[in-house]
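Residue-level structural notes
The lines below spell out each chain.
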Amino acid sequence: MLEDQELYAKKLERWQIYMERYCLPDWDSLPDMELYVDQLVNLVSRYLELIPQDEKNPVVTASIINNYVRLKVMPAPVKKRYRRQHLAYVVMICTLKQCMTLTEIQKFIPASMDEAQTRRVYNDFVARISATARLFIDQVNAVAKQELREGKEGGCMNLVMHSAVSSVLYKLLTVKLTNLKPAQPQAQE
């Protein structure tokens, strides 16, 4: 039992170090060139290494991107070439798909945004990921400290349960808020 708690504590420590170093590139760091879909898939997969993925469950594929375009979740490529704007859309969509439906995502990042709007929304998204990750690390550490203290029975399972329940509650809040009113990004005036 104590060995499990030590294992969890070590895993959490490695996870914290990873999360503290993880960051998405801001708009200006995204490649400003035309990309083929395979290049887009490769970049997004690298940027989103945070999300568990393997050969059977990739975070993105060419067919997934084609579906996003077909469903008008993101703008269509020009002559089968994707630009920085498309890359930003795919990064945001693939990240948000971890807890939202495509319909919910479309309310916040409509495919009709121009490049300036996309830049603003994407940079805000990247900043939110970084800020929220710092808060999340602190929250997880507080719960882990309480649940994994030496000798506490069921500490590992309590930590897993806390994480699962938190995930469900955040998902429910997300659904409730997205159903209130469609949000559209505002153009800069």
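Residues numbered from 1 in each chain as written. Predicted model: local features only at pLDDT ≥ 70, side-chain atom pairs only at ≥ 80, totals over all residues. Heavy atoms only, no water.

**Considering the pattern of salt bridges**
In plain terms, the rule: We define a salt bridge as a side-chain nitrogen of Lys or Arg found within 4 Å of a carboxyl oxygen belonging to Asp or Glu. A run of H or I in DSSP becomes a helix once it reaches four residues, and a run of E becomes a strand once it reaches two; helices and strands are each numbered from the N terminus. Only protein chains enter the calculation, and the probe is 1.4 Å; a residue is then buried if its accessible area is under 20% of its type maximum, exposed if over 50%, and partly exposed in between.
Counted according to the given criterion, the structure contains 6 salt bridges. One salt bridge connects Arg84 with Asp28, and the closest N-O pair in it is separated by 4.0 Å. Separated by 56 residues along the polypeptide, Arg84 in helix H4 (residues 84-96) and Asp28 in the loop between helix H1 (2-21) and helix H2 (37-47) bring together distant segments of the chain. When its relative accessible area of 11% is taken as the criterion, Arg84 is described as buried. Residue Asp28 is classed as exposed on the basis of its relative accessible area, which comes to 51%. Note that Arg81 is salt-bridged to Glu34, the shortest N-O span being 3.1 Å. With Arg81 in the loop between helix H3 (62-70) and H4 and Glu34 in the loop between H1 and H2, the pair connects residues that are 47 residues apart, well separated along the chain. Salt bridges sharing partners connect three or more residues here, namely Asp28, Asp32, Arg83, Arg84 and Arg119.

**What to know about the packing of H4 against helix H6 (residues 115-147)**
To characterise two packed helices, one gives the angle between the axes of the helices and the distance between these axes. Here is the rule: Lines are fitted to the C-alpha atoms to define the axes, a helix being fitted only along its stretch in contact, and any angle between axes, read from their N-to-C directions, falls within 0 to 180 degrees. Orientation labels follow simple angle bins: below 35 degrees gives roughly parallel, above 145 gives roughly antiparallel, 65 to 115 gives roughly perpendicular, and whatever is left gives oblique. Take the far helix as the reference: if the near one is turned anticlockwise from it by less than a right angle, the crossing is left-handed, and if turned clockwise, right-handed. In what follows, a contact means two residues having at least one pair of non-hydrogen atoms within 4.5 Å. Asp, Glu, Lys and Arg are counted as charged, while Ala, Val, Leu, Ile, Met, Phe, Trp, Tyr, Cys and Pro are counted as nonpolar; the rest, among them Gly, fall into the polar class.
Closest axis-to-axis distance for the H4/H6 pair is 10 Å, and the angle between their directions is 40 degrees. The angle between H4 and H6 falls in the class oblique. Remark: the crossing between H4 and H6 carries left-handed chirality. Packed against H4, whose contacting residues are Gln85, Ala88, Tyr89, Val91, Met92, Thr95 and Leu96, the element H6 presents Glu115, Thr118, Val121, Tyr122, Phe125 and Ile129 at the interface. By residue class, the composition of the contact of H4 with H6 is 9 nonpolar, 3 polar and 1 charged.

**A short note on H3**
Applicable threshold: In this context, the arc is that of the directions from the helix axis out to the C-beta atoms.
Among the residues of H3, those classed as buried are Ile65, Tyr68 and Val69. In a view along the axis of H3, the buried residues occupy a sector of 100 degrees, so they form one face of it. Among the structural elements, H2, H4 and helix H5 (102-108) are those in contact with the buried residues of H3. One or two positions beyond H3, positive phi appears at Lys72, with a value near 60 degrees.

**Notes on the environment of Val41**
Tracing the backbone through its elements, the reader meets Val41 in helix H2. Taking the relative accessible area as the measure of exposure, Val41 reaches 15% and is therefore buried. Between the alpha carbons of Val41 and Ile65 there is a distance of 8.3 Å; along the sequence they are 24 residues apart. With near-sequence residues (within four places) excluded, Val41 lies in contact with Val60, Thr61, Ala62 and Ile65.

**Points about a nonpolar patch on the surface**
Stated precisely, the cut-off is as follows: Nonpolar side chains (Val, Leu, Ile, Met, Phe, Trp, Tyr) within 5 Å and like charges within 9 Å form the patches, drawn only from residues with over 30% relative accessible area and no salt bridge. Every accessible area reported is derived by Shrake-Rupley at a probe size of 1.4 Å, with residue values counting cover from the shown protein chains alone.
Residues Met161, Val165, Val168, Leu169 and Leu172 make up a contiguous nonpolar surface patch of roughly 480 Å² in combined accessible area. The exposure class assigned to Leu169 is exposed, which follows from its relative accessible area of 53%.

**Digging into unusual backbone geometry**
The residue Lys72 is not glycine, and still its phi comes out positive at about 60 degrees. The exposed category is assigned to Lys72, whose relative accessible area is 60%. Look at Lys80: it is not a glycine, yet its phi comes out positive at around 60 degrees. Among the secondary structure elements, Lys80 is positioned in the loop between H3 and H4. Given a relative accessible area of 68%, Lys80 falls into the exposed group.

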